[in-house]
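Understanding the architecture of this molecule
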Amino acid sequence: MKCPFCQHEEIHVLDTRVSEEGDAIRRRRRCGKCDKRFTTYERIELVMPFVVKKNGSRTEYAAAKLRGSLTLALRKRPVAAASVDLAVQAIEEKLLTSGKREVDSHYIGELVMQELKRLDKVAYIRFASVYKNFEDLAEFQDAIEEVGQAPKT
């Protein structure tokens, strides 16, 4: 590390503390040449994998798109915002722990379906109907039976 004032490389750490939130380490440093002091923070850098779309193109992961998909499926459903936050967090955790640098959009869609099935069966069917591109009522019935709520006859 170089001094931000004189670019000298001899830096001394004077004090090290964990931040109040516990997500960073704060270090007070002093330059060995100009004797100026400054603070640095060390944080974990989490890199989300790139998303490979159906057409083969690659794009950066966008949490807003994930949240938007969940929110749209859950529109007018009795699911708390905190539950949506936890679902997004669970999906992102699975993406990070996969260790992959690239994931198929299909994989993300399957993770969304798992979370929606857990959160709200109606939202799951809504999402599945678009995601799986249902073409007739039989496919809807199959999806409904899959979530364990067969239609009454």
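Everything here concerns the structure above.
First, a word on scope: everything that follows refers to the structure included in this document. (Residues numbered from 1 in each chain as written. Predicted model: local features only at pLDDT ≥ 70, side-chain atom pairs only at ≥ 80, totals over all residues. Heavy atoms only, no water.)

1. Digging into the pairing of strand 1 (residues 11-18)
Let me state the cut-off plainly: The criterion for strand pairing is that DSSP finds at least two bridges linking the strands in question. Note on conventions: DSSP H or I runs of at least 4 residues are helices, E runs of at least 2 residues are strands, and numbering of each starts at the N terminus.
The pairing of strand 1 with strand 2 (residues 24-31) spans seven bridges and is classified as antiparallel. Note that in strand 2 the partner of I11 across the bridge is C31. Between strand 1 and strand 2, which pair antiparallel and follow one another directly, the connecting turn spans five residues, one of which, G22, has a positive phi of 80 degrees.

2. Things to note about the nonpolar core
Note the threshold: Take the buried residues of types Ala, Val, Leu, Ile, Met, Phe, Trp, Tyr and Cys, join any two whose side-chain atoms come within 4.5 Å, and each joined set is a nonpolar core. Buried residues are those whose accessible area, probed at 1.4 Å on protein chains only, stays under 20% of the maximum for their type, while exposed residues exceed 50% and partly exposed ones sit between those limits. Should any heavy atoms of two residues lie within 4.5 Å, those residues are counted as being in contact.
Membership of the largest hydrophobic core comes to 27 residues, with the highest contact counts inside it found for L66, L70, V112 and L116. Put simply, the parts of the chain that give this core at least two residues each are helix 1 (63-73), helix 2 (81-97), helix 3 (105-119) and helix 4 (121-131). Broken down by element, the residue count for this core peaks at six residues, all from helix 3. Filtering out sequence-adjacent residues up to four positions away, L70 remains in contact with V84, A87, V88, I91, V112 and L116.

3. Things to note about the packing of helix 2 against helix 3
Heads up, the condition is: Note on definitions: angles span 0 to 180 degrees between N-to-C directions of axes, and those axes are lines fitted to C-alpha atoms, for helices only across the stretch in contact. Less than a right angle of anticlockwise turn of the near helix away from the far helix marks a crossing as left-handed, whereas a clockwise turn marks it as right-handed. Residues are grouped as follows: Ala, Val, Leu, Ile, Met, Phe, Trp, Tyr, Cys and Pro are nonpolar; Asp, Glu, Lys and Arg are charged; all remaining types, including Gly, are polar.
Where helix 2 contacts helix 3, the axes come no closer than 10 Å and their chain directions differ by 145 degrees. Handedness of the helix 2/helix 3 crossing: right-handed. Contacts between helix 2 and helix 3 involve S83, A87, A90, I91, K94 and L95 from the first element and Y107, I108, L111, V112, Q114, E115, R118 and L119 from the second. Taken together, the residues of the contact of helix 2 with helix 3 sort by class into nine nonpolar, two polar and three charged.

4. Things to note about the pairing of strand 2
In this sheet, strand 3 (residues 37-43) lies alongside strand 2 in antiparallel orientation, the contact comprising seven bridges. Its bridge partner lying in strand 3, I25 is registered against E42. Taken together, strand 2 and the strand that follows it, strand 3, pair antiparallel across an intervening segment of five residues, in which D35 is found at a positive phi of about 65 degrees.

It is worth stressing that arrangement in space is one thing and function is another; only the former is reported here.
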